[in-house]
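# Per-entry structural report
Residue strings, one per chain:
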Amino acid sequence: MISKEILAEVILSQKDTIEKLDPGTSREKEKELKIDESFALVITGVRRCGKSTLLNHLLLKQKKGYYLNLEDPRLDNFELADFNKVEVLMKEIYGKNGIYFFDEIQNISKWEKFIRYLIDKKERIVITGSNASLLSKELGTKLTGRHLQIELFPFSFNEFLDLKKENPSIASFERYLYLGGFPEYLKKENPLIHQGLLTDIITKDVVVRFGIKNTGILTKITLFLVSNVGKEFSYNSIKKAFNVKAIQSVINYIYYLENTYLIFTIPRFSYSFKQQQVNPKKVYSIDNGLSYNTSTTFSKDKGKMLENVVFLGLRRKFKDIFYFQEKNECDFIIKERESIIKAIQVCYKIDEANKEREINGLISAMLKFKLKEGLILTYDQEDEFNIEGKKIIIKPVWKWLLEQ
């Protein structure tokens, strides 16, 4: 429980802070955002990817809003009942008929009850959170059918170019490949920013939230995963490599890390969901720059760096992403509703040594799913040809990213 006086002090302080914020770079997601009185607009994403700045943009556009960041340390003892005081104070401080903006709301137990109360009163609400599972659990109960969810990622290549005021080219893409898209890092390019962010995610979003005791093992597994993008792993292989006593602990660690948006795993395609769970998965990182600055091995494989950038470009648009492996392997196949709609291979450079393998992997997936067109994304090669009546397009990743 927090006194009304302290809450008023925090609200006024945060109001002053957010009004002084640098507006920053506009995000591509802004055009998708619609604030409706019948729904809560929910923005999720990894820490420091720009959610608060996006809220600030919305505040500036709406010109009247009630803002509260619930990760403020002064609100450590905030309880559900304190929301009633917040409601009164917001109208006293900001005036009536504002839009509610709650940052990192998942920190408060049973927050969804208050949000549902506001929705029922026809208030307009925007909330953010950096943990997908904690939000989705509550959204799926009290707010079923009463929320619209948007995922925010670190900067895309287009947003990177906008921030850096650079033109699209192989040179600017090379910088993006290594720097990644976290806004604060792009402004200062200090590796300590990525290292501190990784520590915050592990500590605040996993260790504290889920009561993890063996933080050393968790940290080692995390570093291993963000360093080994595009590589297959199984829960059992992780268990053995790090001498974890119970395989369920490994499953839990990876589940927690995925829900912070730090990593993503994709299954090998199978029509059987059970088989998808049994087969080895592949892992990808939220950001190339973060992996580069927290790993000693990530930058040694530019092909995997390229593959990670492609995965992120796909994940911004699609959720059902698989890798394909039968006799040959294809890096990505995309499922939309019940159909496979795309097959994509990623290769840093097509040459005589790998050409047959890369093309055969793509053709195998195209034949399996009856696709007429397939895509091979490379660092800087471009071509187009037909094989067995199938159209194969070879395109540089940077050009493909501009179209996403």
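Look above for the structure.
The following refers to the structure shown. (Residues numbered from 1 in each chain as written. Predicted model: local features only at pLDDT ≥ 70, side-chain atom pairs only at ≥ 80, totals over all residues. Heavy atoms only, no water.)

### What to know about helix α1 (residues 4–20)
How we decide: Helix and strand definitions follow DSSP, with helices as H or I runs of at least four residues and strands as E runs of at least two, each counted in order from the N terminus. How far a helix is expected to stretch is found by multiplying one less than its residue total by 1.5 Å. When accessible area is computed with a 1.4 Å probe and restricted to protein chains, residues below 20% of their type maximum are described as buried, those above 50% as exposed, and intermediate ones as partly exposed. The arc in question is the one traced by the directions running from the helix axis out to the C-beta atoms. Contact between two residues is taken to exist if any of their heavy atoms lie within 4.5 Å; hydrogens are not considered.
Look at α1: 25 Å from first C-alpha to last across 17 residues, which is about the 24 Å you get at 1.5 Å a residue. Restricting attention to buried positions, one finds in α1 the residues L7, A8, V10, I11, Q14 and I18. Buried residues of α1, viewed axially, fall in a sector of 165°; they line one side. Every exposed residue of α1 that faces more than 90 degrees away from the buried side is listed here: E5, E9, E19 and K20. The elements touched by buried residues of α1 are α2 (51–62), β2 (65–69) and α3 (82–94).

### What about the packing of aromatic side chains?
Under the convention used in this document: Pairing of aromatic rings covers Phe, Tyr and Trp, the last counted by its six-membered ring, and requires centre-to-centre distances within 6.5 Å; plane angles under 30 degrees mean stacked, over 60 mean edge-to-face, and any other angle means tilted.
What the rule picks out here adds up to 28 aromatic pairs. With 5.8 Å between their ring centres and 35° between their planes, F114 and Y117 make a pair best called tilted. Here the residue F114 and the residue Y117 both occupy positions in helix α4 (residues 111–120), the gap between them amounting to three residues, near one helical turn. Judged by its relative accessible area of 35%, Y117 is partly exposed. Note on F324 and F369: the rings are 5.7 Å apart at their centroids and 75° apart in plane angle, and the pair reads as edge-to-face. Pair noted here: F324 is in strand β9 (residues 321–325) and F369 is in the loop between α16 (355–368) and β12 (373–378), with a separation of 45 residues, a long-range link. Each member of the pair F324 and F369 is classed as buried. Ring pairing ties together the aromatic residues Y66, F78, F83, Y94, Y100, F102, F114 and Y117, which thus form one cluster.

### Quick word on unusual backbone geometry
Phi at E104 takes a positive value of approximately 55°, unusual for a residue other than glycine. Structurally, E104 can be placed in the loop between β3 (99–103) and α4. Judged by its relative accessible area of 6%, E104 falls in the buried class. Of note, the phi angle at K370 is positive, near 55°, even though the residue is not glycine.

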